[in-house]
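# Notes for the structure review
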Amino acid sequence: MHAGRARPLRAADMKKDVRILLVGEPRVGKTSLIMSLVSEEFPEEVPPRAEEITIPADVTPERVPTHIVDYSEAEQSDEQLHQEISQANVICIVYAVNNKHSIDKVTSRWIPLINERTDKDSRLPLILVGNKSDLVEYSSMETILPIMNQYTEIETCVECSAKNLKNISELFYYAQKAVLHPTGPLYCPEEKEMKPACIKALTRIFKISDQDNDGTLNDAELNFFQRICFNTPLAPQALEDVKNVVRKHISDGVADSGLTLKGFLFLHTLFIQRGRHETTWTVLRRFGYDDDLGLTPEYLFPLYLRALYMSTRNEHYFDPKACQAILVTFLWRVHLSGKDIVLKIPPDCTTELNHHAYLFLQSTFDKHDLDRDCALSPDELKDLFKVFPYIPWGPDVNNTVCTNERGWITYQGFLSQWTLTTYLDVQRCLEYLGYLGYSILTEQESQASAITVTRDKKIDLQKKQTQRNVFRCNVIGMKNCGKSGVLQALLGRNLMRQKKIRDDHKSYYAINTVYVYGQEKYLLLHDISESEFLTEAEIICDVVCLVYDVSNPKSFEYCARIFKQHFMDSRIPCLIIAAKSDLHEVKQEYSISPADFCRKHKMPPPQAFTCNTTEAPSKDIFVKLTTMAMYPEDHYRDKLSRDTGNTDRIENLRKVWVFLKTAFHARLRCMCTCNRCTFCICQNFLNSDLLQSIKNKIFTAILNRLRARVAEWGAMLLADDEGSITHQVHAVSSVEDSIFMESSHGPLFLEARHVTQADLKSSTFWLRASFGATVFAVLGFAMYKALLKQR
């Protein structure tokens, strides 16, 4: 998604509407206030009770629908009053400034009555309204101030006149403001300081805004904060004025021309004390907080990934412009329904971080890597997680990703852990990004813009290419067969380093980057516990690694059984690992050997592996596993062929395929070690000794033709060439038998490969051979260049 300008979270995003209840003694002017607000003139005849009034959202300053409810003691019972109190968001207690009895009733009747009907921890905000100010020339504030100091739930007091229309609009504005921007969660009037929950929230906001992590907000950071919260920057003089106000009241509020945390908290305390708590609420809500100063579920768990996928499922790509309309509709329906919608990813799709997310995580890492050693020490990691309500990573993370020699998570390990979290639990990833303030700092609608949902795997198979960057490999084998060694070897740890890992710190996952054809991919290894049958979740993966212990005669039987139960007829590529190859190999107690088993099921031969090395273990098997996950079509080519029904045609194509592989895979030097794809065939053909030998023989034959007049020397040379060429042909036959282990090829295939001695003596054969080899070399080189350019 493209970066867009962030919209501040208004109070309207917190409340659907505001319900204002007016109570008070009879004949104090409650109904007159409502009638004067609606008609904008004093009514000549006032009914006993006004009907409920609804003010549309576009009329109110806060853009929130407002309901005004009148109470009449003559027409309503106590039960109806109690019900109205329970439904109200704010209550206006009206008294007459010229009637001392009505003022006394505020404390003797109405405030105790309201408090009895509300919870102590969630008291309703109260507004004291002194009506009929036109009848007196004095103010009642001297009488009301002690009451306001006694009851903290009283937000403010407004003196007004329904007859003169004085402060009528202000009265309902303050009532609405008391609901949308309450003082109670922010400030404690008795102690004259902010409450701990408010301090904690503002501290997190400060740390997120401190993008260079130097402990102060410089001018650029203050301007960015001002812009994302209020959509307008501060002028240089205004910035200096703010700093001067802080300097005047606290000595350590400004340091090195930057605003410190103490100064930041002081400013918000000043706003609240001066009645401008809507400023603090605007900041809090922009950073995802609700009225209880907790991060809202809508902020932590954005719900529109599913909408994004469904809007573009036909194209299998994400188009932000195409998603915009459906996104707005989707969120609005969620808002109206009031229901929680669980984020669901289609079964054949995965979730990954996109480029913008990795850039954000890179800047986050650099922000907290204070010593610039490309690793996060425990103190640096603790500082990073100060914006979290809890520590999200346990000690097992150090055995899941790469660390340095001191056990500190490296830069690559940091990105790998985030990649793992996104792949396994995207909801948790969204939550973590929300704590870090991703949507704030990147100015996105939400942190869901950091997530990419990959297209359906079936489409990747059809197109024979994938856009995924994370591939999952399930590691299956008996207990103590060496699976943990395989996982830790991916992180570059040999057996000596693995022995230092505590049992309670072990991890069943390992993730690291692997390079295939120069592309950086993430390989995720998952250690599957030994069981008789695998669950559906344990089967889903991109590639399977079956591990057996060469020193345990009963180890391979489990791998063979699991393969036949779950993977023999599937399209998931499998690779068998012969672990602990440094130990003495024993015969496996199975009907056939592991090599014969692989040959029978058309799998690559068992790969010897050991982590008992002085240096880091070899990563060849991980490159091979990643390559098989990226190009699984080579694995199940035969399975797809059987589905077509053209058996004869498929068999002929298979013979041609085997012939081509056999002819050009002599002493292979391959980049991806699969030896099956077109890229490998071209690469190996151009680098093979066979091609060089044929070229030399062609040059020798031409030289012999030029020396035809010297019969004696020519015959000798021809005889030598025959012997060497015949030897070369037999060498190729030996290589193909050892590499591909084909049991039989059929008579037609053998005739095509057989080169007789008479053919070698024939000049016509050499002309045809030279022409064919030249054409084949040109075509092969062209294919190689095309593939190389593409990759």
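Residues numbered from 1 in each chain as written. Predicted model: local features only at pLDDT ≥ 70, side-chain atom pairs only at ≥ 80, totals over all residues. Heavy atoms only, no water.

## Some points on the packing of aromatic side chains
The criterion, for reference: Two rings belonging to Phe, Tyr or Trp (six-membered ring only in the last case) form a pair when the distance between their centres is within 6.5 Å. Interplanar angles under 30 degrees mark stacking, angles over 60 mark edge-to-face geometry, and anything in between is tilted. Runs of H or I in DSSP of at least four residues are treated as helices and runs of E of at least two as strands, each being numbered from the N terminus. The cut-offs for exposure are 20% and 50% of the maximum accessible area for each residue type, with area from a 1.4 Å probe on protein chains only; residues under the lower value are buried, those over the upper are exposed, and the others partly exposed.
A full pass over the atoms with the stated rule returns 24 aromatic pairs. Judged by centre distance (6.1 Å) and plane angle (75°), the ring pair of Tyr 71 and Trp 110 falls under edge-to-face. With a gap of 39 residues between them, Tyr 71 in the loop between β3 (66-70) and α2 (78-87) and Trp 110 in helix α3 (residues 100-116) connect regions that are remote in the sequence. Trp 110 gets classed as buried once you look at its relative accessible area, which sits at 1%. Ring geometry for Phe 556 against Phe 597: centres 5.4 Å apart, planes inclined by 85°, an arrangement best described as edge-to-face. In this pair, Phe 556 is assigned in helix α23 (residues 555-567) and Phe 597 in helix α24 (residues 594-600), connecting sequence segments 41 residues apart. We classify Phe 556 as buried; its relative accessible area is 0%. The exposure class of Phe 597 is buried, given its relative accessible area of 1%. Members of the aromatic cluster, connected to one another through ring pairs, are Phe 365, Phe 385, Phe 388, Tyr 390, Trp 393, Tyr 411, Phe 414, Trp 418, Tyr 432 and Tyr 435.

## As for empty space enclosed by the protein
Leftover empty space is mapped by rolling, across the atoms, a probe with the size of a water molecule. We apply this condition: Using only the protein atoms, space was sampled on a 1 Å grid; points where a 1.4 Å probe fits but cannot get out form cavities, open sets with protein on both sides within 12 Å along at least five of seven lines form pockets, and lining residues are those with an atom within 4 Å of a point. Grid points are joined across faces, edges and corners, and a volume is the space filled by probe spheres set on the points. Gly is put with the polar residues, along with every residue not named as nonpolar or charged; the nonpolar set is Ala, Val, Leu, Ile, Met, Phe, Trp, Tyr, Cys and Pro, and the charged set is Asp, Glu, Lys and Arg.
The final tally for this structure, using the stated rule, is three cavities of 30 Å³ or more. Considering only enclosed or pocket space, the largest cavity measures out at about 90 Å³ in volume. Forming the boundary of the largest cavity are 13 residues, of which Asp 460, Thr 466, Ala 629, Met 630 and Pro 632 lie nearest the centre. Tallied by class, residues from the lining of the largest cavity come to five nonpolar, two polar and six charged.

## Description of the environment of Lys 457
The cut-off we apply is this: Whether two residues are in contact is decided by their heavy atoms, any of which lying within 4.5 Å being enough. We define a polar contact as two N or O atoms separated by no more than 3.5 Å, with the added condition that, inside protein, one atom must be a possible hydrogen donor and the other a possible acceptor, whereas residues neighbouring each other in sequence contribute only through side-chain atom pairs.
Relative to the helices and strands, Lys 457 resides in helix α19 (residues 457-463). Among the residues examined, Lys 457 registers a relative accessible area of 22% and is labelled partly exposed. Counting along the chain gives 85 residues from Lys 457 to Asp 542, while the straight-line C-alpha distance between them is 9.5 Å. Contact partners of Lys 457, with chain neighbours within four places excluded, come to Asp 348, Arg 468, Cys 541 and Asp 542. At 3.2 Å, the side chain of Lys 457 forms a polar contact with the side chain of Asp 542.

## Details of the sheet that holds strand β16 (residues 470-476)
Selection criterion: Only strands that DSSP links by at least two bridges are regarded as paired with each other. Axis lines are fitted through C-alpha atoms, for helices just across the contact stretch, and the angle between N-to-C directions can take any value from 0 to 180 degrees.
If you trace the six strands from one edge of the open sheet to the other, you get β17-β18-β16-β19-β20-β21, paired in mixed fashion. The sheet terminates laterally at β17 (509-516) and β21 (607-608), the two strands that pair on one side only. Bridge count for strand β19 (residues 543-549) against strand β20 (residues 574-579) is six bridges, and the pairing is parallel. Along β20, the bridge assignment pairs Leu 546 with Ile 576. Packed on one face of the sheet, α23 meets β16, β19 and β20 and runs near 155° to β19.

## Let's talk about unusual backbone geometry
Here the phi dihedral of Leu 165 falls at roughly 60°; this positive angle occurs in a residue that is not glycine. For Leu 165, a relative accessible area of 36% corresponds to the partly exposed category. In this structure, Leu 293 is a non-glycine residue whose phi angle is positive, near 60°. Summarising the element assignment, Leu 293 is placed in the loop between α10 (277-286) and α11 (297-300).

## Some remarks on the packing of helix α14 (residues 355-368) against helix α16 (residues 411-424)
Counted only if it meets this: Angle categories are assigned with fixed cut-offs, so that under 35 degrees is roughly parallel, over 145 is roughly antiparallel, 65 to 115 is roughly perpendicular, and the rest are oblique. In this scheme the crossing of two helices becomes right-handed for a clockwise turn of the near helix relative to the far one and left-handed for an anticlockwise turn of less than a right angle.
For the pair α14 and α16, the least separation of the axes is 11 Å and the interaxial angle reads 135°. Relative to α16, the element α14 is oriented oblique. Note on packing geometry: the crossing formed by α14 with α16 is right-handed. Side by side, α14 and α16 meet where Tyr 358, Leu 361, Gln 362 and Phe 365 of the first sit next to Tyr 411, Phe 414, Leu 415, Trp 418 and Thr 419 of the second. Looking at the contact of α14 with α16 residue by residue, the classes come out as seven nonpolar, two polar and no charged.

## Digging into a negative patch on the surface
Selection rule: For patch building, the residue pool is restricted to those with more than 30% relative accessible area and no salt bridge; the joining distance is 9 Å between like charges and 5 Å between nonpolar side chains (Val, Leu, Ile, Met, Phe, Trp, Tyr). Each accessible area value is a Shrake-Rupley result obtained with a 1.4 Å probe; residue values ignore everything except the protein chains displayed when judging cover. The salt bridge criterion pairs a side-chain nitrogen of Lys or Arg with a carboxyl oxygen of Asp or Glu, the two atoms within 4 Å. Charged residues are defined here as Lys and Arg on the positive side and Asp and Glu on the negative side; His and the ends of the chain fall outside this count. A charged residue contributes its charge at one atom only: NZ of Lys, CZ of Arg, CG of Asp or CD of Glu.
Residues Glu 40, Glu 41, Glu 44 and Glu 45 make up a contiguous surface patch of negative charge. By the element assignment, Glu 41 lies in the loop between α1 (30-39) and β2 (53-55).

## Concerning the packing of α16 against helix α17 (residues 426-436)
Here α16 crosses α17 at 130°, and the two axes come no closer than 5 Å. As far as their axial angle goes, α17 and α16 are oblique. Every residue of α17 that contacts α16 at Trp 418, Thr 421, Thr 422 and Leu 424 is listed here: Val 426, Arg 428, Cys 429, Tyr 432, Leu 433 and Leu 436. Broken down by class, the residue content of the contact of α16 with α17 amounts to seven nonpolar, two polar and one charged.

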